[in-house]
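Residue strings, one per chain:
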Amino acid sequence: MSSIRSFIRREPVLLIAAFAALISCFFVPPDKAYWGYLDLRTLALLYCLMTVVAGLRQAGLFSRLAHRLCLGVGNLRVLGVLLVLLSFFSSMLITNDVALLTFVPFAVVVLGMAHQNRALIRVVVLQTVAANLGSMLTPVGNPQNLYLYSHYDLSMGDFLSLTFPVWALSLALILLGCLLLPRDRLQLFLGEEPILHKKELWLYALLFLVCLGTVLRLLSWPWMLGIVLLVLLVLDRRTLLRADFMLLLTFVAFFVFAGNLARVPAVDRLLRSLLSGREYWTALLTSQIISNVPAALLLSGFTDKAGALLLGVDVGGLGTPIASLASLIAMKLYSHSEHAHTGRFLLAFTAANLILLALLSLAVVLLGLI
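Before going into details, it helps to say that this report is about the structure given with it. Bear in mind that the values here come from a model prediction, so they are computed numbers and not experimental data.

1. A short note on the overall build of the chain
Here comes step 1: Across its full length, the chain carries 18 helices and zero strands.
Here comes step 2: The C-alpha radius of gyration computed for the chain amounts to 21 Å, which stays within 12% of the reference 21 Å derived for 370 residues, consistent with globular compactness.
Here comes step 3: Its C-alpha atoms give the chain principal-axis dimensions of about 65 × 50 × 50 Å.
Here comes step 4: Expressed as a percentage of its 370 residues, the buried residues of the chain come to 54%.
Here comes step 5: When contacts within the chain are restricted to residue pairs at least 6 apart in sequence, long-range pairs at least 24 apart make up 80% of them.
Here comes step 6: When the accessible surface of the chain is totalled, it reaches about 17,200 Å², and 70% of it is carbon and sulfur.
Here comes step 7: Looking at the chain, you have 26 positive and 17 negative side-chain charges, and the mean spots of the two groups are 5 Å apart.

Here it is as structure tokens:
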């Protein structure tokens, strides 16, 4: 029973998605059309990217990078800016959740060593919004971007023209937020430099380029999947199991649920009418309730307004703690740190998210992006 309760707490979104998919099967009984629901390209890309990024992390790339950047820093504000920008820029390539899994624990350790635990809440909150907003720039930055980029067959130019203005404004606002950190002097000793396994680094760097080739449509996804599987089966089998399979199953469940909804005429007409002209706001609000990845999967089947939907789920990652699964990861990591004050963290998190949500939504409207 304890294992079941632990699984429910760990994977609530998967369970909701599976339940919704199961209920929808009573209205649209399983048939051959179900295979058409699955976006195999997105699933293959997600799996390969998660596996390759896990390999890069195992090679010590991110810990070495963080150590090098923070070495010799003597000012708390400068240290905070570096920790936040690590999350912001790395999330563009390694996804927002991996960025937080990597750099929030590093921030906890570094600020603890510097006897600056009182600044930890502000730094982790800024790291969280930085990862969620930095990841919006590229298709590989987060799962909903990867899916929508593939689903709507967007070109890289079209994608960047939508995300870059909001991404650039987000960077400016996050840097302003970093000014709230005091300029206390530090004496920081990071210890020995983390080991970098160069052979593994080169291997996974090359495989990452293979994945990017598929994102840019230079290589078909079956070739990418075959290359990654073959290379890792020969050289590093354990890494094949380090992908987030629960996330992949969540995608499959939502593909089934959304596919079945689209085959119920009354539901299809209702959702299309609700979305028409309100794609951004519907996506943003839906993200607050079921998080932005499921919102993208659910709503994409009922609108052709890719830009408004993309921005809605990306900016919609701000707001409530469940708006982005990456935010839940950051909160969990912080809550396990010494001297954690979860109540204060939630207040700071909510305030920062609501302010940024309002400012970025205003910018989206004024810039005419929706």
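From this point on, the discussion continues.
2. Describing the packing of aromatic side chains
Here comes step 1: For the structure shown, the criterion picks out 12 aromatic pairs.
Here comes step 2: Their ring planes at 40 degrees and their centres at 5.9 Å tell us that Tyr47 and Phe245 sit as a pair that is tilted. Placement of Tyr47 in helix α3 (residues 40-58) and of Phe245 in helix α12 (residues 245-262) is noted, with a sequence separation of 198 residues between them.
Here comes step 3: Residue classification places Tyr47 among the buried positions, given a relative accessible area of 11%.
Here comes step 4: Assessed through its relative accessible area of 34%, Phe245 is described here as partly exposed.
Here comes step 5: For the pair Phe251 and Phe255, a centre-to-centre distance of 6.0 Å together with 75 degrees between the ring planes defines the contact as edge-to-face. Taken together, the residues span about one helical turn, with Phe251 and Phe255 both in helix α12 at a distance of four residues.

3. Considering unusual backbone geometry
Here comes step 1: The backbone phi angle of Thr95 is positive, close to 80 degrees, even though this residue is not glycine.
Here comes step 2: On the secondary structure map, Thr95 appears in the loop between α5 (76-94) and α6 (96-113).

4. Focus: the state of the cysteines
Here comes step 1: A complete count under the given rule lists zero disulfides for this structure.
Here comes step 2: Its sulfur unpaired, Cys211 is 5.1 Å from the next cysteine sulfur, which belongs to Cys48.
Here comes step 3: Note on Cys211: relative accessible area 0%, which makes it buried.

5. Things to note about the nonpolar core
Here comes step 1: Residues Leu79, Leu148, Met224, Phe251 and Phe345 are the most contacted members of the largest nonpolar core, which totals 100 residues.
Here comes step 2: With 11 residues, the single largest contributor to this core is α3.
Here comes step 3: Sequence-distant contacts of Phe251, defined by excluding residues within four places in its chain, comprise Thr42, Leu43, Leu46, Pro143, Tyr147, Val293 and Leu297.
Here comes step 4: Grouped together as the second largest cluster of nonpolar side chains are 26 residues, Trp167, Leu171, Ala308 and Leu311 included.

6. Brief notes about the pattern of salt bridges
Any two side chains of opposite charge can pair, given that their charged atoms come close.
Here comes step 1: Per the counting criterion, the structure on display carries four salt bridges.
Here comes step 2: In this structure, Arg263 engages Asp31 in a salt bridge whose closest nitrogen and oxygen atoms are separated by 2.6 Å. Pair noted here: Arg263 is in the loop between α12 and α13 (265-275) and Asp31 is in the loop between α2 (12-27) and α3, with a separation of 232 residues, a long-range link.
Here comes step 3: For Arg263, a relative accessible area of 36% translates into the label partly exposed.

7. Quick look at α6
Here comes step 1: Helix length check: α6 (18 residues) gives 25 Å between terminal C-alpha atoms against 26 Å at 1.5 Å per residue, within 8%.
Here comes step 2: Extensive coverage of α6 is indicated by the burial of 13 of its 18 residues.
Here comes step 3: Once α6 finishes, His115 follows within two positions and takes phi at roughly 55 degrees, a positive value.

8. Some details on the side chain of Thr51
Here comes step 1: With respect to the element layout, Thr51 can be found in helix α3.
Here comes step 2: Excluding residues within four positions of it along the chain, Thr51 makes contact with Tyr204, Leu232, Thr239, Leu240 and Ala243.

9. Observations concerning the packing of α12 against helix α15 (residues 292-299)
Here comes step 1: Two numbers describe how α12 lies on α15: the axes approach to 8 Å, and their chain directions differ by 35 degrees. By crossing handedness, the relation of α12 to α15 is classed as right-handed. Residues Phe251, Phe254, Phe255, Phe257, Ala258 and Leu261 of α12 touch α15, and the partners they reach there are Val293, Pro294, Leu297 and Leu298.
Here comes step 2: Looking at the contact of α12 with α15 residue by residue, the classes come out as 10 nonpolar, no polar and no charged.

10. Description of the side chain of Ser337
Here comes step 1: Mapped onto the elements, Ser337 comes out in the loop between α17 (325-335) and α18 (342-366).
Here comes step 2: Residue classification places Ser337 among the buried positions, given a relative accessible area of 11%.
Here comes step 3: In terms of polar contacts, Ser337 uses its side chain to reach the backbone carbonyl oxygen of Tyr334, at 2.6 Å.
Here comes step 4: Apart from the residues within four sequence positions on either side, Ser337 is in contact with Val108 and Leu120.

Each value, and the rule that gives it
- Residues numbered from 1 in each chain as written.
- Predicted model: local features only at pLDDT ≥ 70, side-chain atom pairs only at ≥ 80, totals over all residues.
- Heavy atoms only, no water.
- Helix = DSSP H or I, 4+ residues; strand = E, 2+ residues; numbered from the N terminus.
- Rg over C-alpha atoms; globule rule 2.2 N^0.38 Å.
- Buried < 20%, exposed > 50% of the residue type's maximum accessible area, 1.4 Å probe, protein only.
- Contact = heavy atoms within 4.5 Å.
- Areas by Shrake-Rupley, 256 points an atom, 1.4 Å probe, with all protein chains shown as cover.
- Lys, Arg positive; Asp, Glu negative; His and termini not counted.
- Charge placed at Lys NZ, Arg CZ, Asp CG, Glu CD.
- Phe/Tyr/Trp six-rings, centres within 6.5 Å; stacked < 30°, edge-to-face > 60°.
- Disulfide = S-S within 2.5 Å.
- Core = buried A, V, L, I, M, F, W, Y, C linked by side-chain atoms within 4.5 Å.
- Salt bridge = Lys/Arg side-chain N within 4 Å of Asp/Glu carboxyl O.
- Expected span 1.5 Å × (residues − 1).
- Axes fitted to C-alpha atoms, helices over the stretch in contact; angles between N-to-C directions.
- Left-handed = near helix turned anticlockwise from the far one by under 90°.
- Nonpolar A, V, L, I, M, F, W, Y, C, P; charged D, E, K, R; others polar.
- Polar contact = N/O pair within 3.5 Å; in protein donor to acceptor, adjacent residues only side chain to side chain.

By themselves these figures say nothing about function.
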